[in-house]
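# Structural overview
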Amino acid sequence: MVSARNIQLVQGDITEQETDVVVNAANSSLLGGGGVDGAIHRKGGPEILADCRALRASKYGRGLPTGQAVATTAGRLPAKWVVHTVGPVWSKDEDRSDLLAACHSNSLQVADSLGAKTIAFPAISTGIFRWPVKSAAEIALTTVLATETSSITAVRFVLFDAAAFEVFNDALTELLRE
Ligand code: AR6
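Let me begin by describing the structure that accompanies this report. In this text the structure is predicted, and so the values were computed from the model without any measurement.

Looking only at helices and strands, one finds five helices and six strands in the protein. Starting at the N terminus and walking to the C terminus, you meet the elements of the protein as β-β-α-α-β-β-α-β-α-β-α. Against the globule reference of 16 Å for 178 residues, the protein gives a C-alpha radius of gyration of 15 Å, in line with a compact fold. If one aligns the C-alpha atoms of the protein with their principal axes, the spans along those axes are about 45 × 35 × 30 Å. In the protein, buried positions account for 47% of the 178 residues. Counted over contacts in the protein with a minimum sequence separation of 6, partners at least 24 positions apart contribute 72%. When the accessible surface of the protein is summed, it comes to about 8,500 Å², and 51% of that surface belongs to carbon and sulfur atoms. Side-chain charges of the protein comprise 16 positive and 19 negative groups, with the mean position of each set lying 6 Å from the other.

Here it is as C-alpha cells:
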C-alpha cells in the first residue's frame, strides 16, 4: 500500500519523468492520439507503437477496454516501461468514476507485477476526455491510497499546468486532513 507521504505532486511533462513506469492516457485503439498519448509516442519513438501493434494482434484485437491497463517498452523515454490505460470520457448523465478508479488501480497492479518501484501518472481523462480536474484528482488520489502493491515505493502525479497542480495539491491536503 502506498502511504500519503509516498505520493509526489509535480508540475511538468510526463515524458521527462525518470520513474520506472510512466502511465499513458491512451485510447482503446492503442495506436496513439493527441495530448499525453501523442507526446509519449513522439518522444518515445516507434518501438512503443510496435509493441502496441503486437498487443492488438495478440490480445486486444477489439481494443483495450476502458479502465484496463497494459505495459509496453518505454522506447527512448527515460522510464523503463509505459503502462497504457484508457480513461473514461466524462459524462454528466452517467457516473463513470469506477472506470477512472480502475485505470489507476489496474495501472498500479501492472507496474507492480513488473517489479516497478516508481510510477508517474498524468491527470487521466482531464484533457480531451473532459473530466473535471477536481473530481479526477479526488478519484486518482483515493484510489492510489487504497490499492495494494508490493514493489511500488513512490507514486508521482505529473500535472501539466499550474492550475491542475493546485487542484491536486488541494485534494491531497484535504485527504490528509481526513
Ligand atoms: N505531460 C503531462 N500532462 C500532460 C501532457 C504532458 N506531456 N500533455 C497533456 N497533459 P489528455 P485524456 C495533460 O488529453 O483526457 C488522446 O488523444 C492535459 O493537460 O492527454 O485522458 C488519447 O489517444 C490533461 O490535464 O488525456 C485519447 O484519445 C491530462 O494530461 C484521449 O486523448 C490528460 O489529457 C485521452 O484523453
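Before going further, it helps to examine the site of the ligand. Around the ligand, the structure places 21 residues, and the nearest of them are Asn27, Gly34, Val36, Asp37 and Thr126. Between the ligand and valine 36, the relevant distance is 2.7 Å, taken from an oxygen atom to a main-chain nitrogen or oxygen of the residue. The separation between an oxygen atom of the ligand and a polar main-chain atom of glycine 127 is 2.8 Å. For the ligand, whose free accessible area comes to 700 Å², the fraction covered by protein is 89%. For the shell around the ligand, the secondary structure elements donating two or more residues are β2 (21-26) and α1 (35-44). Looking at the shell around the ligand, the element that brings in the most residues is α1, giving four residues. Tallied by class, the residues present in the shell around the ligand amount to ten nonpolar, nine polar and two charged.

Below, the discussion takes up the pairing of strand β6 (residues 154-159). The buried count for β6 comes to five of six residues, which makes it a mostly enclosed element. Both strand β1 (residues 7-11) and β6 contribute to a ladder of five bridges, which runs parallel. Among the inter-strand pairings, isoleucine 7 is bridged to a residue of β6, identified as valine 155. As judged from the four bridges shared by strand β5 (residues 118-121) and β6, these two strands associate in the parallel manner. Within β6, the position partnered with threonine 118 by the bridge is alanine 154. Taken together, β5, helix α4 (residues 133-146) and β6 constitute a β-α-β crossover, and its handedness is right-handed.

The next thing to look at is α4. Here α4 contains 14 residues, and its C-alpha end-to-end distance of 20 Å stays within 8% of the 20 Å for a straight helix at 1.5 Å per residue. Among the residues of α4, Ala136, Ala137, Ile139, Ala140, Leu141, Thr143 and Val144 are the ones counted as buried.

Between α4 and helix α5 (residues 162-177), whose axes approach to 9 Å, the crossing angle comes to 50°. With respect to each other, α4 and α5 are oriented oblique. In this structure, α4 meets α5 at a crossing whose hand is right-handed. Together, Val133, Lys134, Ala137, Glu138, Ala140, Leu141, Thr142 and Leu145 of α4 and Ala164, Val167, Phe168, Ala171, Leu172 and Leu175 of α5 make up the contact between the two elements. Partitioned by chemical class, the residues of the contact of α4 with α5 number eleven nonpolar, one polar and two charged.

Calculation rules
- Residues numbered from 1 in each chain as written.
- Predicted model: local features only at pLDDT ≥ 70, side-chain atom pairs only at ≥ 80, totals over all residues.
- Heavy atoms only, no water.
- Helix = DSSP H or I, 4+ residues; strand = E, 2+ residues; numbered from the N terminus.
- Rg over C-alpha atoms; globule rule 2.2 N^0.38 Å.
- Buried < 20%, exposed > 50% of the residue type's maximum accessible area, 1.4 Å probe, protein only.
- Contact = heavy atoms within 4.5 Å.
- Areas by Shrake-Rupley, 256 points an atom, 1.4 Å probe, with all protein chains shown as cover.
- Lys, Arg positive; Asp, Glu negative; His and termini not counted.
- Charge placed at Lys NZ, Arg CZ, Asp CG, Glu CD.
- Near = heavy atom within 4 Å.
- Polar contact = N/O pair within 3.5 Å; in protein donor to acceptor, adjacent residues only side chain to side chain.
- Nonpolar A, V, L, I, M, F, W, Y, C, P; charged D, E, K, R; others polar.
- Pairing = 2+ DSSP bridges.
- Right-handed = clockwise from strand over helix to strand, strands pointing away.
- Expected span 1.5 Å × (residues − 1).
- Axes fitted to C-alpha atoms, helices over the stretch in contact; angles between N-to-C directions.
- Parallel < 35°, antiparallel > 145°, perpendicular 65-115°, else oblique.
- Left-handed = near helix turned anticlockwise from the far one by under 90°.

All we've got here are geometric facts, nothing functional implied.
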